[in-house]
Amino acid sequence: MQRRVLTNTLLELHTKFSQECTLVHQMSYRQFVRYRPKHITEARPTDRNTCACYQHENMHLLIECLVRKGLITTKSLSHLLSEITCNAEDQQCMKRQCTNCCFDEVQLNTHDTSELARWEQWQREDVTVGDKVYKNWVKKGVSGTLGQLAEAFYHALESIASHHWMHQARKIRELKGNLQENDLALHIDFSENYGCKLNTEIQAFHFGGSRSQVTLHTVVAYTKTATQSFATISKSLRHDERAVWAHLQPVIEDLQMQHGKQFESLHLISDGPVTKYHNKTNCFLMSTVPFTWGFQSVTWNYSERSHGKGAPDGVGACVKADQLVLNGHDLQTAEALFDFVSSKDGIKIQIKWIEEKDIAEFDTLVPLVLPAVKGILGTHQIFTTTPGEIFHR
């Protein structure tokens, strides 16, 4: 059966049960706990959603308030989107450019627009530390009228419709499913740095700055006939675009050796942070390095904002060896982690080691001055078929 998560403690539920049930059905707390179905569990720390899209979360917060106030009866975002579009699978409809449905709106139940309401939204606010001002995300309460709530809802619904993640996810699935014999697709991501751990740590090590960190770059490779997972491990904590290509090089060499051929088209899929993938230096490397490896065309597909999770995250979770530490072993260095994961029985992830000098080699390929790539930050795909040239859409 599907697992269900309790939103109250068992003690609170037993108290409520005792108040509402008849005398003949009264039972002790211990008996009440014993009768709890196994598929209904208390919340665990891992049940927290820590990577939610802020646009979707703000939309859900608005919907919850509208439902509480009786203005709408459904909490389903898909249902609400279907009311303002004639085809949720059509990109033009979702961009609100379809002439048949661009003026459609969700009909709210009759309400007093001057009635007061309160809802929550994620917002950015300035935080001053010394002489510097930072932008922090804060979940804040918003007070207003039902009219203002409805206006915020309509604006957010229009924005979420043009949020390209659904259309993009479908296109990525099509790309993976329609690969040709000489096509190679790599879904890549940096996993969160692994903090080396020991089974017993002294206080100064645990709370001080003595803990070593390890860079993990994860790749899921797709070809027409197979799927293979890779993880590259390095002591270097660089996550820039030069490091990205250094981590990709042994993966591509291994795949070419496994398949015994030279792939012609390379498709890269990633999220879109500016410091790693979405910048002019990466455009330069993408338009030069793959052609020296024998590729004839390259595309880089960036996920929609806040929707970069995927298969590589599962690879990173498998490589991190916290269970080994709990069993009494020490992982104090990057080399120790590499040695353990490489020799682990049953793991189907190919592990590669990246030296700092491997990254330094790519530093020498990048000129001191690079021309700007106009419009790069607003694009979801860049591609090239000619060395030195980049196009985007």
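To be clear, the structure that these remarks concern was listed above.
Conventions and cut-offs
Residues numbered from 1 in each chain as written. Predicted model: local features only at pLDDT ≥ 70, side-chain atom pairs only at ≥ 80, totals over all residues. Heavy atoms only, no water. Helix = DSSP H or I, 4+ residues; strand = E, 2+ residues; numbered from the N terminus. Buried < 20%, exposed > 50% of the residue type's maximum accessible area, 1.4 Å probe, protein only. Areas by Shrake-Rupley, 256 points an atom, 1.4 Å probe, with all protein chains shown as cover. Lys, Arg positive; Asp, Glu negative; His and termini not counted. Charge placed at Lys NZ, Arg CZ, Asp CG, Glu CD. Pairing = 2+ DSSP bridges. Expected span 1.5 Å × (residues − 1).

Caption draft 1: Examining the overall build of the chain more closely. Broken down by element type, the chain carries 15 helices and 12 strands. Taking the principal axes of the C-alpha coordinates as reference, the chain spans close to 75 × 60 × 55 Å. Going through the 393 residues of the chain one by one, you find that 39% of them count as buried. Entry remark: accessible area of the chain is about 22700 Å², with carbon and sulfur atoms responsible for 51%. If you average the places of the 42 positive and of the 44 negative side-chain charges in the chain, the two averages end up 4 Å apart.

Caption draft 2: Quick peek at the pairing of strand E4 (residues 132–145). Pairing between strand E3 (residues 116–129) and E4: 14 bridges, direction antiparallel. Within E4, the position partnered with Ala 117 by the bridge is Gly 144. With antiparallel pairing between neighbouring strands as the criterion, E3 and E4 make up a hairpin whose turn holds 2 residues, including Gly 130 at a positive phi of roughly 65°.

Caption draft 3: Structural detail: helix H3 (residues 54–68). Along its 15 residues, H3 runs 21 Å from first to last C-alpha, staying within 8% of the 21 Å computed at 1.5 Å per residue. Trailing H3 by a residue or two, Gly 70 shows a phi angle of about 80°, which is positive.

Caption draft 4: Main features of the pairing of strand E5 (residues 183–195). Among the 13 residues that make up E5, 11 are buried, leaving the element largely enclosed by the rest of the structure. Alignment of E5 against strand E8 (residues 265–270), held across 5 bridges, turns out to be parallel. The residue bridging Leu 184 from the neighbouring strand is Leu 266, located in E8. The pairing of E5 with strand E6 (residues 213–222) spans 9 bridges and is classified as antiparallel. If you follow Ala 185 over to E6, its bridge partner there is Tyr 222.

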